[in-house]
Amino acid sequence: MPSPSLIQKGEQVMTVCNACRYCEAYCPVFPAMENRTAFAKGDILYLANLCHNCGECLYACQYAPPHEFGIDVPKTMSKLRVESYESLAWPSFAAVAFRRPRRATTIALAFAAVICAFVGRPFTGRQINPADFYAVIPHDIMVLLFGAVGLFAAAAIAVGHARFKAGFTFEPEAARDVVTLRHLHDAGDCVDAEEKRSPWRRWMHHCTFYGFALCFASTTVAAIYHLIFGWIAPYAYTSIPVMLGALGGVGLLIGPAGLFLVDRGRDPELTHASERSLGNAFLALLFLTSVTGLLLLLLREQPYMPVLLVIHLAIVLALFITLPYGKFVHGIYRAAALMKFRREER
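Remember, it's a predicted structure, so these values are computed and weren't measured experimentally. Throughout, residues of each chain are indexed from 1 in the direction in which the sequence is written. Confidence filtering applies because this is a predicted model: local features only for residues at pLDDT of at least 70, side-chain atom pairs given and counted only at 80 or more, and all residues used for totals across whole chains, interfaces and linings. The basis for every side-chain value is the complete set of non-hydrogen atoms in the structure, without hydrogens or water.

K.L.:
If you had to explain helix 12 (residues 240–265) to someone new, which residues and values would you point to?
P.N.:
Given a rise of 1.5 Å per residue, 26 residues ought to cover 38 Å, and the 37 Å separating the end C-alpha atoms of helix 12 matches this to within 8%. Exposure classes here rest on a 1.4 Å probe applied to the protein chains alone. A residue is buried below 20% of its type maximum, exposed above 50%, and partly exposed in between. Only DSSP runs of H or I covering at least 4 residues are called helices, and only runs of E covering at least 2 are called strands; the numbering of each starts at the N terminus. Residues of helix 12 that are buried include every one of P241, V242, G248, G249, G251, L252, G255, P256, G258, L259, V262 and D263, and no others. Residue contacts are counted whenever heavy atoms from the two residues lie within 4.5 Å of one another. Tucked inside the fold, the buried residues of helix 12 contact strand 1 (191–193), helix 11 (200–229) and helix 13 (273–298). One fewer than the residue count of a helix, multiplied by 1.5 Å, yields its expected span.

K.L.:
Before we move on, could you go through the nonpolar core and cite the residues and values that matter?
P.N.:
What makes a nonpolar core is a set of buried Ala, Val, Leu, Ile, Met, Phe, Trp, Tyr and Cys residues whose side-chain atoms join them at distances within 4.5 Å. Core analysis: the biggest nonpolar cluster contains 48 residues, and M14, V29, F30, L47 and M77 have the highest contact counts within it. Put simply, the parts of the chain that give this core at least two residues each are helix 1 (4–20), helix 2 (29–34), helix 3 (41–50), helix 5 (73–88), helix 6 (96–99), helix 9 (139–164), helix 10 (172–180) and helix 15 (329–345). Per element, the largest residue contribution to this core is seven residues, and it comes from helix 15. Not counting chain neighbours up to four residues away, the residues in contact with F30 comprise C17, C23, E24 and C57. Membership of the second largest hydrophobic core comes to 34 residues, among which are A112, I137, L296 and L317.

K.L.:
Can you explain unusual backbone geometry? Please cite residues and give values.
P.N.:
In this chain, P65 is followed by P66 through a cis amide linkage whose omega measures 15°. In this model, A233 is joined to P234 through a cis peptide bond whose omega is 10°. Relative to the helices and strands, P234 is located in the loop between helix 11 and helix 12. Even without a glycine there, the phi angle at R21 is positive, about 65°. By the element assignment, R21 lies in the loop between helix 1 and helix 2. With a relative accessible area of 35%, R21 lands in the partly exposed category. Residues other than glycine seldom take positive phi values, yet N53 does so here, at roughly 60°. Relative to the helices and strands, N53 is located in the loop between helix 3 and helix 4 (56–60).

K.L.:
How would you summarise the layout of surface pockets if you had to cite specific residues and measurements?
P.N.:
Once rolled over the atoms, a probe with the size of a water molecule shows which space is left empty. Here the second largest pocket is characterised by a volume of approximately 540 Å³. Residues are called lining when one of their atoms sits within 4 Å of a cavity or pocket point, these points coming from a 1 Å grid over the protein atoms alone, where a cavity is a set in which a 1.4 Å probe fits but cannot get out and a pocket is an open set with protein on both sides within 12 Å along at least five of seven lines. Along the wall of the second largest pocket there are 29 residues; nearest its centre are A97, A104, I321, T322 and Y325. Sorting the residues of the lining of the second largest pocket by element identifies helix 6, helix 7 (101–120), helix 9, helix 13 and helix 14 (305–322) as the ones contributing at least two each. No other element matches the seven residues that helix 7 contributes to the lining of the second largest pocket. Residues of the lining of the second largest pocket, tallied by class, amount to 23 nonpolar, three polar and three charged. Grid points are joined across faces, edges and corners, and a volume is the space filled by probe spheres set on the points. We call Asp, Glu, Lys and Arg charged. Ala, Val, Leu, Ile, Met, Phe, Trp, Tyr, Cys and Pro are nonpolar, and the rest, Gly among them, are polar.

K.L.:
For a nonpolar patch on the surface, give the residues involved together with the corresponding values.
P.N.:
A surface patch of nonpolar side chains, amounting to about 560 Å² of accessible area, comprises I224, L227, I228, F229 and W231. Structurally, I224 is set in helix 11. In this scheme, patches are assembled from residues that exceed 30% relative accessible area and form no salt bridge. Like charges are connected within 9 Å, while nonpolar side chains (Val, Leu, Ile, Met, Phe, Trp, Tyr) are connected within 5 Å. The method behind every accessible area is Shrake-Rupley, applied with a 1.4 Å probe, and residues are considered shielded solely by the protein chains displayed. Whenever Lys or Arg places a side-chain nitrogen within 4 Å of a carboxyl oxygen from Asp or Glu, that contact is recorded as a salt bridge.

K.L.:
Which residues make up the packing of helix 3 against helix 5, and what values go with them?
P.N.:
In this analysis, axes come from line fits to C-alpha atoms, helices being fitted only over the stretch in contact, and the angle between any two N-to-C directions falls in the range 0 to 180 degrees. Helix 5 packs onto helix 3 with a crossing angle of 110° between their chain directions and a minimal axis gap of 8 Å. Classified by the angle between their axes, helix 3 and helix 5 sit roughly perpendicular to one another. For the element pair helix 3 and helix 5, the recorded crossing hand is left-handed. From helix 3, I44, L45, L47, A48 and N49 reach across to helix 5, where they touch M77, L80, R81, S84 and Y85. Residues that form the contact of helix 3 with helix 5 fall into these classes: seven nonpolar, two polar and one charged. Here the word oblique covers every angle except those under 35 degrees (roughly parallel), over 145 (roughly antiparallel) and from 65 to 115 (roughly perpendicular). What makes a crossing left-handed is the near helix being turned counterclockwise from the far one by less than a right angle; a clockwise turn instead makes it right-handed.

K.L.:
Would you mind going over empty space enclosed by the protein in detail, with residue names and values included?
P.N.:
Enumeration over the complete set of coordinates arrives at three cavities of 30 Å³ or more. In this model, the largest cavity occupies a volume close to 120 Å³. Lining of the largest cavity is provided by 15 residues; of these, C17, C20, C23, F30 and C61 occupy positions nearest its centre. When contributions to the lining of the largest cavity are tallied by element, the ones reaching two or more residues are helix 1 and helix 4. Each residue belonging to the lining of the largest cavity can be placed in one class, and the counts come to 13 nonpolar, no polar and two charged. Estimated volume of the second largest cavity: approximately 60 Å³. Contributing to the lining of the second largest cavity are Y26, C27, F30, C51, H52, N53, C54, G55, E56, C57 and V73. Its residues assigned to classes, the lining of the second largest cavity comprises seven nonpolar, three polar and one charged.

K.L.:
How would you explain the packing of helix 11 against helix 12 if you had to name every residue and give the values?
P.N.:
Relative orientation of the contacting elements helix 11 and helix 12 amounts to 155°, with a least axis distance of 7 Å. Between helix 11 and helix 12, the angle falls in the class roughly antiparallel. Viewed along their axes, helix 11 and helix 12 form a crossing whose handedness is left-handed.

K.L.:
How would you sum up the packing of aromatic side chains? Please name residues and give values.
P.N.:
The rule is short: rings of Phe, Tyr and Trp, with Trp giving its six-membered ring, pair when the centres are within 6.5 Å, and they are stacked under 30 degrees, edge-to-face over 60, tilted in between. What the rule picks out here adds up to 14 aromatic pairs. On the basis of an interplanar angle of 25° and a centroid distance of 5.9 Å, the ring pair of Y85 and Y333 is categorised as stacked. Of the two residues, Y85 sits in helix 5 while Y333 sits in helix 15, which places them 248 residues apart along the sequence. Residue Y85 shares its accessibility class with Y333, and that shared class is buried. Ring centres of F212 and F328 lie 5.9 Å apart, and the angle between their planes is 40°; this geometry places the pair in the tilted category. Of the two residues, F212 sits in helix 11 while F328 sits in the loop between helix 14 and helix 15, which places them 116 residues apart along the sequence. Grouped by ring-pair contacts, the aromatic residues Y85, F98, F164 and Y333 constitute a single cluster.

Below is the structure:
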């Protein structure tokens, strides 16, 4: 649960902003704020997840540090977001992963490596035909393992969404806001520092988002091939699953690497250290998933394919395990906050 002092800080910041209203055109936070005359804890957490961390308001604010009011909306909302993720986590004991993302990611990787090495046994010396993935880990075991972890991750995320209490009504305009990242360029592109603006943060988000979506589509099409048509992997380089996966993999190389570099160049006053650490752990897993996946695609005919397959699947499994307890959830709660914002706007 966010600490009372942090909630109080959020209330103070929003009260000052609500009296000033100079930044009302920058992002949805300010119109949503203006609908309120007081700020309960739920309001503060909703506004924190509505914030896209574009940074505009910090450099426009006359009350920003070193002013005695010390109003820093982006950094305050950044800290509130991370603590809101902790408070929404299910099961509750897993919330510690948000406080120690590097340790949580390392433990998940170690656990996933042991599991995948055990079920795959890539070092047994068995004769395996080139690119015969299911000779390393049988299809049924792979489906059982990743299906169970995926269902648990989906359930944990669903419980967190329900606890967020943003409602379940679908808003088409909010969906468009999500897929276009509209609010990362609503008032111009994101700022990285005072008088320094660039589109790179938005573009790298697009690469990451659509890269992830294409990889998911690739897996879905491959499952249809296998279960409905009986077409067994590996598939030709010109097949739909491979082309979707390759495009998605490139997106997940460019996007996470770009976001890491953009974040390193941004003013540290825009993002709290806890959110930056959380983001870096997630970006690292996405990047490693893409690197090992593309290497596996290119080197699938080589004799060391079994080892490379187990490494790749271990990283993917670690990604699945950490989805409800890492930066991935910011997309879920951001989308939920945008849906609520559009409902309020109507």
